[in-house]
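Reading the structure
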Amino acid sequence: VLAMQAQIVTTTPDFPTENDEVTIIFDATKGTAGLKGFTGDVYAHTGVITNQSTGSGDWKHAPTWGDNSAKYKLTSLGNDKWQLKITPNIREYYGVKDGETVKQLAFVFRSADTSKEGKDTGNKDIFVDVHTAGLTVRFDQPAEKENLITNTALTIKASASVASTLKLYVGATEIATEANATTISQSY
C-alpha cells in the first residue's frame, strides 16, 4: 500500500521515521469530507501497521474506538485544517515494543461523540508511510491513479528525504537532473 501524503494528510517531517516526532495536518475538506465545517472536538483513532500486522486492517497499538484521551485530540488550525502531534516519537507515542518495526501510521479522524468521521476517498482508512533512516525517494506527481490525456504535457515530480543527485528517466532517456536537491520536477 502506498500512502499519498499530498492529499488528506501531510506530515512534518516529509519522510517520518519511527524515531521522529511527527506533526500530522489533516485537511477535513479532502477524502470523505465527513468533518468539513465541523467546529467541535476532533480526535484521531490511530494505530500503526508493523512487521507483525497481517495486513492494512491489522492496526497495532490503537486505542478502543471513541477514546477521547488528550493525546488523540487534534488542534484546530482554522480553515478545516487540524493538527496532531505524535511526540516524543512514533515508537513511544504508540508504545511499540522492541522487535516491532513500524511501517505505517493509520488514522480515522472523528468527532468526540464518534458520529462524524474523516476518512480517505472511498471511505478508506488513512495511511502514512514510515520510512527507514537514510535516503528515501517518492513520486509526488502524477498521482497514483491519475487519468492522463494523450498528447498532453505531464508534470513528473519526485522528492527525496536527503539532498542527492536526482535524475528522472522515461524509459532509458534522462529527461531531468538536479544536483544536491531534495525535489525534481519536469514536464514531459
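Structure: above.
Below or above, wherever it landed, is the structure these notes cover. (Residues numbered from 1 in each chain as written. Predicted model: local features only at pLDDT ≥ 70, side-chain atom pairs only at ≥ 80, totals over all residues. Heavy atoms only, no water.)

Attention shifts here to the nonpolar core. Core analysis: the biggest nonpolar cluster contains 27 residues, and I24, F26, I86, Y94, L105, F107 and F109 have the highest contact counts within it. If you list the elements that add at least two residues to this core, you get strand 2 (22-27), strand 3 (42-50), strand 5 (81-86), helix 1 (90-94), strand 6 (102-111) and strand 8 (126-129). If we ignore the near neighbours within four places in the chain, the residues touching I24 are V9, T10, T11, W82, Q83, L84, I86, L105, F107 and F109. I156, L166, L168 and I184 belong to the second largest nonpolar core, which has nine residues in total. (Core = buried A, V, L, I, M, F, W, Y, C linked by side-chain atoms within 4.5 Å. Buried < 20%, exposed > 50% of the residue type's maximum accessible area, 1.4 Å probe, protein only. Helix = DSSP H or I, 4+ residues; strand = E, 2+ residues; numbered from the N terminus. Contact = heavy atoms within 4.5 Å.)

Further remarks concern the sheet that holds strand 1 (residues 9-12). With antiparallel pairing, the four strands of this open sheet are ordered in space as 1-2-5-4. Each edge of the open sheet is held by one strand with a lone partner, namely strand 1 and strand 4 (75-78). In this sheet, adjacent strand axes meet at a mean angle of 25° when their direction is disregarded. For strand 4 and strand 5, the ladder comprises three bridges, and the chain directions are antiparallel. Across the sheet, the residue bridging to S76 is W82, located in strand 5. (Pairing = 2+ DSSP bridges. Axes fitted to C-alpha atoms, helices over the stretch in contact; angles between N-to-C directions.)

As a further point, take the packing of aromatic side chains. The relative placement of two aromatic rings is captured by the distance of their centres and the angle of their planes. Counted according to the given criterion, the structure contains four aromatic pairs. With 4.9 Å between their ring centres and 75° between their planes, Y93 and Y94 make a pair best called edge-to-face. Here Y93 and Y94 have matching classes, each one buried. An angle of 10° between the planes, with centres 5.3 Å apart, marks the rings of F107 and F109 as stacked. F109 sits in the buried class, given a relative accessible area of 0%. An aromatic cluster of three or more residues is present, and its members are F26, F107 and F109. The ring of Y93 has K71 lying over it, and the distance from NZ or CZ to the ring centre is 4.5 Å. For the cation-ring pair, R110 lies above W65, with the distance from its terminal atom to the ring centre recorded as 5.7 Å. (Phe/Tyr/Trp six-rings, centres within 6.5 Å; stacked < 30°, edge-to-face > 60°. Lys NZ or Arg CZ within 6 Å of the ring centre and 35° of its normal.)

Of all six residues in strand 2, five are buried, a share of seventy percent or more. The pairing of strand 1 with strand 2 spans four bridges and is classified as antiparallel. For T11, the partnering residue across the bridge sits in strand 2 and is I24. Of the pairings in the sheet, the one linking strand 2 to strand 5 comprises six bridges and is antiparallel in character. Each residue of the ladder has a partner; that of I24, found in strand 5, is L84.

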